[in-house]
Amino acid sequence: MITIIGAGPAGISCALYLKRANKNVQVITNDKSALCKAKYIENYYGTGKIIGKELYNNGIKSIQELDIPVIKDEIINIQYNDSFILEGINNNYNSDIVVLALGKINNRTYIKGEEKFIGKGISYCATCDGFFFKDKKIAVIGNGEYANKEYEYLKNISSNIIRLNNDDINEIIGTDKVTHINLKNNTNVEVDGIFICDDTIDANVLCLKSGILTNKDGVVIDENYQTNIDNIYSCGDLIPGIKQISKAVNDGMLVANIIISRR
Amino acid sequence: MAIINGNKNNFKELINNKVIVDFYADWCGPCKMLSPVLDKISEEENIDIVKINVDNDPELAKEYGIMSIPTIIVFENGEEKNKNIGLCSKQDIKDMIK
């Protein structure tokens, strides 16, 4: 099974070419493509002026017509034994090959004080770093499904957890490590660890948790669009290069052809 | 050079040489990805890699302020020279030991 994460232009194009070569392929999406937010697309071949969301939906429809499953879920971790296990909010999925087509890496707007304490109390990965906060005071920032999932995990590590939102926080304060959070209502909450979970998992965080190498331009790939992990590929806005639909469609097609020729 | 399994008993002695210390755990996905990169470094560069499993040596992790793994620290003469938190490339590590 080949799993494509993301149903934007790169993911759809990749799925289409794989399926036409008789490959077993599925697409998982959280339906939060940047394309859905584009008011109009006016620079893509053959469509004329089209609403972003409409083009996105057309893409999904085109692969569903080829009987490619399009699953609505958000992948929050990739683990592997012999094959990959994609851990979603709703389900887990097994896959032999993974294509990351998650769209552009967002350079997050840090909470005041956040950047200074990364790795010194601030964490973006409960499974990686929860260990260091056993029975300590933990704050989970965020209220989306992803934050709920991280909270559930951390409950096994400490019984002393508070939940906060970005909007509640004025500043994260500490010395050589985090000591407390100053809230907007001007009270302080003492904490040892802060787990930051935005509403949806950012591509950057998924890569960090899964051990996929990134830099400021996106996911690092080799000449065959493969990441630092064998059998995990990437394409579209997630990799360095121009952020355009036509380029993403081309990337997706190229990745499909690389996978087809390798198998 | 070599990959050495470090622990709290031999650690102080090991970091008297120039070494890269890898704080890791078996359950940590990114650590698994960093491990082969460090293996390559040990083959290509004139430096030992000291592996510290934080499950076995939580005191050492605490002493060096490790709160996120993988973390690698370059030591020389017992002193911390450079530190990187999280996965990084082979070139990043080579730059750290220059």
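Read on for an overview of the structure. Small disclaimer: the values here were computed from a predicted structure and weren't measured. (Residues numbered from 1 in each chain as written. Chains lettered and ligands numbered in written order. Predicted model: local features only at pLDDT ≥ 70, side-chain atom pairs only at ≥ 80, totals over all residues. Heavy atoms only, no water.)

1. Things to note about the sheet that holds strand β6 (residues 75-80) of chain A
Residue and element names in this part refer to chain A.
So, point 1. Taken in spatial order, the three strands line up as β6-β7-β8 in an open sheet, and their pairing is antiparallel. Since the sheet does not close on itself, it has two edges, and those belong to β6 and β8 (92-95), each with one partner. Recorded for the sheet is a direction-independent mean angle of 20 degrees between the axes of neighbouring strands.
So, point 2. Alignment of β6 against strand β7 (residues 84-88), held across five bridges, turns out to be antiparallel. In the strand pairing of β7, Y80 is matched with F84. (Pairing = 2+ DSSP bridges. Helix = DSSP H or I, 4+ residues; strand = E, 2+ residues; numbered from the N terminus. Axes fitted to C-alpha atoms, helices over the stretch in contact; angles between N-to-C directions.)

2. Description of helix α1 (residues 9-20) of chain A
Residues and elements named next belong to chain A.
So, point 1. For α1, spanning twelve residues, the distance from its first C-alpha to its last is 17 Å, which sits close to the expected 16 Å at 1.5 Å a residue.
So, point 2. By the burial criterion, the buried members of α1 are A10, G11, I12, S13, C14, A15 and L18.
So, point 3. Looking one or two residues beyond α1, the residue adopting positive phi is N22, at roughly 65 degrees. (Expected span 1.5 Å × (residues − 1). Buried < 20%, exposed > 50% of the residue type's maximum accessible area, 1.4 Å probe, protein only.)

3. Digging into the interface of chain A and chain B
So, point 1. Residue-level contacts link 20 residues of chain A with 16 residues of chain B.
So, point 2. The tally of links from chain A across to chain B stands at zero salt bridges.
So, point 3. Applying the counting criterion to the chain A and chain B interface returns two residue pairs in polar contact (both at pLDDT 80 or more).
So, point 4. Counted by class, the side of chain A that touches chain B contains ten nonpolar, six polar and four charged residues. (Contact = heavy atoms within 4.5 Å. Salt bridge = Lys/Arg side-chain N within 4 Å of Asp/Glu carboxyl O. Polar contact = N/O pair within 3.5 Å; in protein donor to acceptor, adjacent residues only side chain to side chain. Nonpolar A, V, L, I, M, F, W, Y, C, P; charged D, E, K, R; others polar.)

4. Notes on the pairing of strand β5 (residues 79-85) of chain B
Residue and element names in this part refer to chain B.
So, point 1. Two strands pair when backbone bridges link them, and strand β4 (residues 71-76) and β5 are joined in this way by six bridges, in the antiparallel orientation. Paired with E76 across the strands is E79, a residue of β5.
So, point 2. Hairpin connection from β4 to β5: two residues lie between these consecutive antiparallel strands, with N77 at a positive phi of about 50 degrees.

5. Brief notes about the nonpolar core
So, point 1. Core analysis: the biggest nonpolar cluster contains 72 residues, and I78 and I194 of chain A together with F23 of chain B have the highest contact counts within it.
So, point 2. Lining this core are residues from two domains, each supplying at least three of them: domain 1 (2-106 + 202-262) and domain 2 (115-196) of chain A.
So, point 3. Once residues lying within four places of it in the same chain are set aside, the contact partners of F23 of chain B are F11, I52, V54, L60, A61, Y64, I66, I69, P70, T71 and I73 of chain B.
So, point 4. Formed by 32 residues, the second largest nonpolar core is a distinct cluster that contains I4, I41, V99 and I239 of chain A. (Core = buried A, V, L, I, M, F, W, Y, C linked by side-chain atoms within 4.5 Å. Domains from an automatic or database assignment.)

6. What to know about the side chain of D57 of chain B
All names here are of chain B.
So, point 1. On the secondary structure map, D57 appears in the loop between β3 (48-53) and α3 (58-63).
So, point 2. This buried residue, D57, is left without a salt bridge; K8 holds the nearest opposite charge, at 4.3 Å.
So, point 3. In contact with D57, other than residues within four places in its own chain, are G6, N7, K8 and I52. (Lys, Arg positive; Asp, Glu negative; His and termini not counted.)

7. With respect to the state of the cysteines
Disulfides are covalent bonds that link the sulfur atoms of two cysteine residues.
So, point 1. In this structure the tally under the stated criterion is two disulfides over all chains.
So, point 2. One disulfide in the model links C125 of chain A with C128 of chain A; its S-S distance is 2.3 Å. The disulfide joining C125 of chain A to C128 of chain A has a torsion of about 70 degrees about its S-S bond and is therefore right-handed.
So, point 3. Taking relative accessible area as the criterion, C125 of chain A reaches 1% and is therefore assigned buried.
So, point 4. On the basis of relative accessibility, which here comes to 3%, the residue C128 of chain A falls in the buried class.
So, point 5. Between the sulfur atoms of C28 of chain B and its disulfide partner C31 of chain B the distance amounts to 2.2 Å. A torsion of 80 degrees about the S-S bond marks the disulfide between C28 of chain B and C31 of chain B as right-handed. In terms of burial, C28 of chain B and C31 of chain B fall into one category: buried.
So, point 6. With no disulfide partner, C197 of chain A has as its closest neighbouring cysteine sulfur the one in C125 of chain A, 9.9 Å distant. (Disulfide = S-S within 2.5 Å.)

By themselves, these are just geometric observations and shouldn't be taken as functional.
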